[in-house]
Structure formats: structure tokens, C-alpha cells
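What follows is the residue order along each chain.
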Amino acid sequence: MKRGLFSLLIAMTFLAGCSQDSDLDKGNAAPSAEMANQEDGMPADMPDDFNFVVRFGYGDVTKNEINTFQGTVTKDLITKGTATAQLKFTPIEMLGIYGKMREINIIAPKKFATSRNCSKSPSNEDEWTVTVDGKTESFSWTDRNCELSDDAIALLELRNYIQSIVNAKEAYQALPAAEGGYD
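Parameters at a glance
- Residues numbered from 1 in each chain as written.
- Predicted model: local features only at pLDDT ≥ 70, side-chain atom pairs only at ≥ 80, totals over all residues.
- Heavy atoms only, no water.
- Axes fitted to C-alpha atoms, helices over the stretch in contact; angles between N-to-C directions.
- Helix = DSSP H or I, 4+ residues; strand = E, 2+ residues; numbered from the N terminus.
- Parallel < 35°, antiparallel > 145°, perpendicular 65-115°, else oblique.
- Contact = heavy atoms within 4.5 Å.
- Nonpolar A, V, L, I, M, F, W, Y, C, P; charged D, E, K, R; others polar.
- Core = buried A, V, L, I, M, F, W, Y, C linked by side-chain atoms within 4.5 Å.
- Buried < 20%, exposed > 50% of the residue type's maximum accessible area, 1.4 Å probe, protein only.
- Pairing = 2+ DSSP bridges.
- Phe/Tyr/Trp six-rings, centres within 6.5 Å; stacked < 30°, edge-to-face > 60°.
- Lys NZ or Arg CZ within 6 Å of the ring centre and 35° of its normal.
- Salt bridge = Lys/Arg side-chain N within 4 Å of Asp/Glu carboxyl O.

As annotated in an unreviewed UniProt entry, the protein chain carries the name Lipoprotein and comes from Paenibacillus cineris.

Structure, rendered in C-alpha cells:
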């Protein structure tokens, strides 16, 4: 019995070795750098095509926008319309933003609360478009129904992180102040 198990183990090891050898012959000895560099669909290193747009505001009024595709930021001035400025993130800021997006795997499907037990007004609305490694994902979420899923909380924290970087930029600080408010 032991001899039979030992023979079976040797045969399986030999077959596994042959399988790996045939992979070597095909040039597939190790995972590609791209595959080894990805976790949950996002590369560990920020790809050259990484860009995003986030539009946010109250209710259907998503007039605030941070757009790295166009290198702009738009501020909702409420009763005075909007104001737009050219704004570029530094490479280090983009790496930081990418790292935060990768932590929450922003391109993966998200779950947002759909409870109708409560409704609040005004409510936050966010619309996102993100391009990473040739893939573009778009989605939106709201806190209109009071409850926030973990995914919505993570996106709100991400947006606040990005907005804190924007707030420190001279181009944003030079934009006019908002007037009025939302009910």
C-alpha cells in the first residue's frame, strides 16, 4: 500500500514537472509582468492612461467637477453659476490618488444602499468616470436614501481626499466664492 502511494506520488510529481516544462517551451514559465503586477484588476504601478472625472454636488446639481482628462476643476458658485480653472495634479499627487483608488479597487463593481426607509434633501450625488490600464468605468451614487454602503463611504472619503488636494491649489483658490445655498 505504501509502495503504491509512493509510486503514485512520484508519477504525479513527474507529470507536474512535465506540465511545467511544456509551459517553459511555450514561453510561459512565469506569470507575465502584467499579471504579477495586478491585484483585483488594477496594476500595482500607475498606468500611463490613468485619469478620472468626478462630478459632485447636491441633488441633480453636480456642478463641481475635477477632471484629469482635461486638466480642469469646476466650482459650483450656486447662484453665480460655475467657474472653471486649469488644474494639474503633480505626479506624486496622481500616485497618491491612484493608490487610494487601488485600495478600494475603484474599477470593481460597487454596491450602493437602496433602502427607501428614509429620504433626505439636499442629498449628495457623485458621478465618476475612471480610466485605468485601458478600461473605463463609470458609476454614480447618492446618499438621498440616508444609508451609505461601505463602497459609498469609501468613494466619499476618496472624493474628500482629492478635494483636499484641489483646495490647496492656487488655481482653485483664485476662483470666486460661492453665493447662496441649496435647500
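K.L.:
Can you explain the packing of helix α3 (residues 91–103) against helix α4 (residues 150–167)? Please cite residues and give values.
P.N.:
Contact geometry for α3 and α4: axes closest at 10 Å, N-to-C directions at 175°. If you check the angle between α3 and α4, you find them roughly antiparallel. Contacts between α3 and α4 involve Glu-93, Gly-96, Ile-97, Lys-100 and Met-101 on the former and, on the latter, Leu-158, Tyr-161, Ile-162 and Ile-165. Grouping the constituent residues of the contact of α3 with α4 by class yields 6 nonpolar, 1 polar and 2 charged.

K.L.:
So what's going on with the nonpolar core? Residues and values would help.
P.N.:
In terms of nonpolar packing, the biggest core is built from 32 residues, with Phe-52, Phe-89, Met-101, Ile-106, Trp-128 and Ile-162 touching the most fellow members. Excluding anything up to four places from it in sequence, Phe-89 contacts Phe-52, Ile-66, Thr-68, Met-94, Ile-97, Ile-162, Ile-165, Val-166 and Lys-169.

K.L.:
So, the pairing of strand β6 (residues 82–86): which residues are in play, and what are the values?
P.N.:
Within a regular beta strand, the side chains point alternately toward one face of the sheet and then the other, so they alternate between its two faces. Side-chain alternation along β6 places Ala-83 and Ala-85 on a buried face and Thr-82, Thr-84 and Gln-86 on a face that remains uncovered. Hairpin connection, strand β5 (residues 72–76) to β6: the antiparallel pair is bridged by 5 residues, and Ile-78 has positive phi, about 60°.

K.L.:
Would you mind going over the packing of aromatic side chains in detail, with residue names and values included?
P.N.:
For the coordinates displayed, the defined rule picks out 4 aromatic pairs. Here the aromatic rings of Phe-52 and Phe-89 are separated by 6.2 Å at their centres, their planes lie at 35°, and the arrangement is tilted. One end of the pair, Phe-52, is in strand β3 (residues 51–58); the other, Phe-89, is in the loop between β6 and α3, and 37 residues separate them in sequence. Per residue, the accessibility class of Phe-52 equals that of Phe-89, and both read buried. Seen in terms of ring centroids, Trp-128 and Phe-139 are 6.5 Å apart; in terms of plane orientation they differ by 15°. Their pairing is stacked. One end of the pair, Trp-128, is in strand β7 (residues 124–132); the other, Phe-139, is in strand β8 (residues 135–142), with 11 residues separating them in the sequence. Each member of the pair, Trp-128 as well as Phe-139, is classed as buried. Grouped by ring-pair contacts, the aromatic residues Phe-50, Phe-52, Phe-89 and Tyr-98 constitute a single cluster. The positively charged end of Lys-75 is found above the aromatic ring belonging to Tyr-172, 5.3 Å away from the centroid. Sitting over the ring of Tyr-161, Lys-100 keeps its end group 4.9 Å from the ring centre.

K.L.:
Any chance you could break down the pattern of salt bridges for me, citing the residues and the numbers?
P.N.:
The tally for this structure, following the rule as stated, stands at 4 salt bridges. Here Lys-80 makes a salt bridge to Glu-179, at a shortest N to O gap of 3.4 Å. Here Lys-80, found in the loop between β5 and β6, pairs with Glu-179, found in the segment after α5 (170–173); they are 99 residues apart in sequence, far enough to count as distant.

K.L.:
Now, about the environment of Glu-103: what can you tell me, with residues and values included?
P.N.:
Tracing the chain through its elements places Glu-103 in helix α3. Under the relative-accessibility criterion, Glu-103 is labelled exposed at 66%. The spatial distance from the C-alpha of Glu-103 to the C-alpha of Met-42 is 9.5 Å, given a sequence separation of 61 residues.

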